[in-house]
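Reading the structure
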Amino acid sequence: MQTEPAAIAFCREVLPAVSRTFALNIPVLPRPLDTAVMVAYLLCRVADTLEDEAHGPASEVLLAELARLSTLPAGWEADARRFSEEGARVLRAQAPEAEVRLVEGTARVLEALALHAAPVREHVAACVATMTKGMGKMGDKGRASGGGLGLASIEETLEYCYYVAGTVGEMLTRLFQWYSPAIAERAAALEPRAVAFGNALQLTNILKDVREDLERGSCWLPRTLLAEHGLTPEALLEPGNRGEAMKAHGQMVAVAHRELRKAFEYVMALPGQERGIRLFCLWPLFLAVLTLRKLYGNAAVLERQAVKVSRRTVKWVVASTKLLVGQDAALKLMFSTLTAPLPR
């Protein structure tokens, strides 16, 4: 049995620490698509960590450098080692240990990228370039500034979601098409829905992490929607505002639900014979649906305890979708049943 390259082994080791969801679903992808998606995800996670944990000019400089390094230019190895050291140095003291380790290992993730076919490298580099440029554009808007916390409108919130997650939906679609001729034949159905697949998952995360983001000095909710309820991002967590805050939160749950419906159409457009790729998409999609169900109308989302689905629920999603992965009618019934309580 051939020994796995050390760079790939590092990626496999660090993945579960930075994302339980992707550690769960990447292994169901066929080879070599699994390692391509793993490396792509980790580079996007490096960008996400820099955006969240290294505010200010250093963050923007490092994001631009990450985009350049993802193209694997001449001399990238030495530059990547310098990037890894500088990136870890500028992270805030409270940054999660696993994410610090990932940033410190960026050079190894780039080594793993270099092992992949040229189309994979090109699709990943294009995604990282768009993502990092958008993060630079949107980052300061969501943090305390002259205009206060929050984004200006729902359109800006969706624009932010595009840069940090919709771009990943686009990249995954290109990687799927690279791997599978049957998927490439369905490009006309998949590509218009690819962004919604990423946006839906990101909106769910935003709605789950409202308090955590605010305590970190960020808010990705639209100020216009909050203002309709007499709120500002700064006042969102005040106990006296719970009723109006939950109404505003519920409106954003409806937006996330809309994006999830498009995301489900995306998964249904994937050919049934590509079971691994379908499962890779179905698991986070149904977990997002069940997370939104727990969040909707639940004021605990604005308290200190985390609101999340149980491990038992995760096991149920995995088992039921494995059973139904090739049965479109059954999956549609499952989706419509689970989303029925969500607002439109």
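What comes next is a walk through the structure. (Residues numbered from 1 in each chain as written. Predicted model: local features only at pLDDT ≥ 70, side-chain atom pairs only at ≥ 80, totals over all residues. Heavy atoms only, no water.)

Moving on: the packing of aromatic side chains. Tallied over the entire structure, the rule returns nine aromatic pairs. Taking the centre distance of 4.2 Å and the plane angle of 5° together, the rings of phenylalanine 264 and phenylalanine 335 count as stacked. Remark: phenylalanine 335 occurs in helix 17 (residues 328-339) and phenylalanine 264 occurs in helix 14 (residues 242-269); sequence separation between them is 71 residues. Grouping residues by exposure puts phenylalanine 264 and phenylalanine 335 together as buried. Grouping aromatic residues by their ring pairs yields a cluster made of Phe22, Tyr41, Phe176 and Phe280. (Phe/Tyr/Trp six-rings, centres within 6.5 Å; stacked < 30°, edge-to-face > 60°. Helix = DSSP H or I, 4+ residues; strand = E, 2+ residues; numbered from the N terminus. Buried < 20%, exposed > 50% of the residue type's maximum accessible area, 1.4 Å probe, protein only.)

Our focus in this paragraph is the packing of helix 4 (residues 57-69) against helix 5 (residues 76-90). Between helix 4 and helix 5, whose axes approach to 11 Å, the crossing angle comes to 155°. The pairing of helix 4 with helix 5 is recorded here as roughly antiparallel in orientation. For the pair helix 4 and helix 5, the crossing hand works out as left-handed. Residue-level inspection shows Ala58, Leu62, Glu65, Leu66, Arg68 and Leu69 of helix 4 in contact with helix 5, the latter providing Trp76, Asp79, Ala80, Phe83, Glu86, Gly87 and Val90. Partitioned by chemical class, the residues of the contact of helix 4 with helix 5 number eight nonpolar, one polar and four charged. (Axes fitted to C-alpha atoms, helices over the stretch in contact; angles between N-to-C directions. Parallel < 35°, antiparallel > 145°, perpendicular 65-115°, else oblique. Left-handed = near helix turned anticlockwise from the far one by under 90°. Contact = heavy atoms within 4.5 Å. Nonpolar A, V, L, I, M, F, W, Y, C, P; charged D, E, K, R; others polar.)

The subject of this paragraph is a positive patch on the surface. Residues Arg20, Lys308, Arg311 and Lys315 make up a contiguous surface patch of positive charge. Note on placement: arginine 20 falls in helix 2 (residues 20-25). Residue classification places arginine 20 among the exposed positions, given a relative accessible area of 56%. (Patch = residues over 30% accessible without salt bridge, like charges linked within 9 Å, V, L, I, M, F, W, Y side chains within 5 Å. Areas by Shrake-Rupley, 256 points an atom, 1.4 Å probe, with all protein chains shown as cover. Salt bridge = Lys/Arg side-chain N within 4 Å of Asp/Glu carboxyl O. Lys, Arg positive; Asp, Glu negative; His and termini not counted. Charge placed at Lys NZ, Arg CZ, Asp CG, Glu CD.)

A separate point is the environment of arginine 223. Looking at the secondary structure, you find arginine 223 in helix 13 (residues 223-228). Looking at arginine 223, the relative accessible area reads 27%, which means it is partly exposed. Sequence separation between arginine 223 and threonine 157 is 66 residues; the distance between their C-alpha atoms is 9.8 Å.

Among the secondary structure elements, threonine 167 is positioned in helix 9 (residues 154-179). In this structure threonine 167 comes out as buried when scored by relative accessible area, which is 2%. Those residues in contact with threonine 167 that sit more than four places away from it in its chain are Cys127, Thr130, Met131 and Tyr162.

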